[in-house]
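# Structural features, examined
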Amino acid sequence: SQQGEEDPQALSIQEGENATMNCSYKTSINNLQWYRQNSGRGLVHLILIRSNEREKHSGRLRVTLDTSKKSSSLLITASRAADTASYFCATGLSGNTPLVFGKGTRLSVIA
Amino acid sequence: KAGVTQTPRYLIKTRGQQVTLSCSPISGHRSVSWYQQTPGQGLQFLFEYFSETQRNKGNFPGRFSGRQFSNSRSEMNVSTLELGDSALYLCASSPMGAGQETQYFGPGTRLLVL
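The paragraphs below set out a description of the structure included in this document. These figures come from a predicted structure and were not determined experimentally.

A few words on the sheet that holds strand β3 (residues 19-24) of chain A. Residues and elements named next belong to chain A. Taken together, the 5 strands give an open sheet; going across it, the order is β1-β3-β8-β7-β6, and neighbouring strands pair in antiparallel fashion. At either end of the open sheet lies a strand with only one pairing partner, and these are β1 (5-7) and β6 (55-58). With direction set aside, neighbouring strand axes in the sheet form an average angle of 20°. Here 3 bridges tie β1 to β3, and the two strands are oriented antiparallel to one another. Bridge pairing links Asp7 to Asn22 in β3.

Following the criterion strictly, the structure yields 2 disulfides over all chains and no others. The disulfide partner of Cys23 of chain A is Cys89 of chain A, and the gap between their sulfur atoms is 2.0 Å. Here Cys23 of chain A and Cys89 of chain A share a disulfide; its torsion about the S-S bond, 65°, makes the bridge right-handed. Here Cys23 of chain A, found in strand β3, pairs with Cys89 of chain A, found in strand β9 (residues 85-92); they are 66 residues apart in sequence, far enough to count as distant. Look at Cys23 of chain A and you get buried, because its relative accessible area is 1%. Paired through a disulfide, Cys23 of chain B and Cys91 of chain B show a sulfur-sulfur distance of 1.9 Å. Here the S-S torsion is close to 70°, and the disulfide linking Cys23 of chain B with Cys91 of chain B is therefore right-handed. Residue Cys23 of chain B is located in strand β3 (residues 19-24), and its partner Cys91 of chain B is located in strand β9 (residues 87-94); the two are separated by 68 residues in the primary sequence. Each member of the pair Cys23 of chain B and Cys91 of chain B is classed as buried.

Quick look at the interface of chain B and chain A now. Between chain B and chain A, the contact holds 22 residues from the first and 24 residues from the second. Between chain B and chain A, a total of about 1700 Å² is buried, with carbon and sulfur atoms accounting for 47% of that surface. Remark: the boundary between chain B and chain A carries 0 salt bridges. Elements supplying a minimum of two residues to the side of chain B that touches chain A: β4 (31-38), β5 (42-50), β6 (53-57) and β9 of chain B. Looking at the side of chain B that touches chain A, the element that brings in the most residues is β5 of chain B, giving 4 residues.

Residue and element names in this part refer to chain B. One can find Arg63 in the loop between β6 and β7 (64-68). Placed 17 residues apart in sequence, Arg63 and Thr80 show a C-alpha to C-alpha distance of 6.9 Å. If we skip the residues at most four places from it in the chain, Arg63 touches Asn77, Val78, Ser79, Thr80, Leu81, Glu82 and Asp85. A polar contact of 3.1 Å, which involves the side chain of Arg63, links it to the backbone oxygen of Thr80.

What follows covers the pattern of salt bridges. All names here are of chain B. Scanning the entire structure with this criterion turns up 7 salt bridges over all chains. Between Arg55 and Glu48 there is a salt bridge whose closest N-O contact spans 2.7 Å. Here Arg63 and Glu82 are joined by a salt bridge, their closest N and O atoms 3.6 Å apart. Of the two residues, Arg63 is situated in the loop between β6 and β7 and Glu82 in the loop between β8 (74-78) and β9; the sequence distance between them amounts to 19 residues. On the basis of relative accessibility, which here comes to 16%, the residue Arg63 falls in the buried class. Put simply, Arg63, Glu82 and Asp85 are held in one network by salt bridges that share partners.

Residues and elements named next belong to chain B. Summarising burial for β4: 8 of the 8 residues are buried, a large majority. Residue alternation in β4 divides its side chains into two sets, Ser31, Ser33, Tyr35 and Gln37 and Val32, Trp34, Gln36 and Thr38, and both sets are buried. Pairing of β4 with β5 involves 8 bridges; the strand directions are antiparallel. Paired with Gln37 across the strands is Leu43, a residue of β5. A loop of 3 residues connects β4 with β5, the two strands running antiparallel in sequence. Relative to β9, β4 runs antiparallel, the two sharing 7 bridges. If you follow Gln36 over to β9, its bridge partner there is Tyr89.

What counts as what
- Residues numbered from 1 in each chain as written.
- Chains lettered and ligands numbered in written order.
- Predicted model: local features only at pLDDT ≥ 70, side-chain atom pairs only at ≥ 80, totals over all residues.
- Heavy atoms only, no water.
- Pairing = 2+ DSSP bridges.
- Helix = DSSP H or I, 4+ residues; strand = E, 2+ residues; numbered from the N terminus.
- Axes fitted to C-alpha atoms, helices over the stretch in contact; angles between N-to-C directions.
- Disulfide = S-S within 2.5 Å.
- Buried < 20%, exposed > 50% of the residue type's maximum accessible area, 1.4 Å probe, protein only.
- Contact = heavy atoms within 4.5 Å.
- Buried area = accessible area lost by both parts, 1.4 Å probe.
- Salt bridge = Lys/Arg side-chain N within 4 Å of Asp/Glu carboxyl O.
- Polar contact = N/O pair within 3.5 Å; in protein donor to acceptor, adjacent residues only side chain to side chain.

Rendered as structure tokens:
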């Protein structure tokens, strides 16, 4: 079963605009991770944010985590055509339980 | 370091056959996880192996099995293939554990069952 749910399911923007994707989850987490997947390929890790952190940055990526609302957001600034991909959030629970992935947001950046 | 590799990359089988997929993790990684990805169900966790032991198992029938060797390479096997097994099979490795740290994914094996 999916723990995280991304919103929106699909997003289409112009190059240079910012893209925001949201992830909501149901149970307490140890960490939340964001991954990118280009069409039909493996997933690439973007950012891991732990439950005691509120915000993390990596280049043009900004991730926030609100554990009180059980939600996270991924912001991509100044998007490029190469950012076109599916983006997944995944929640890590306590102990050695595996990551649980959401169904993803499909982002299209139009040049 | 070399990344996670999966073989074969593409596979076509017919119903009733069995298939074995292989995954070589990043050197030094002891945890290998397998996922099935389909358009309808998204990424579904199959199982995780750590130091040759299955540590976690997803909600899949017994036709899906796996193992891990002493060099951390892992294989998964699907017996009596069904049409619904058509999917992208992804493996991921990490140093210690699936849920607590970054997972490094391979490119996947795309399986088509006819």
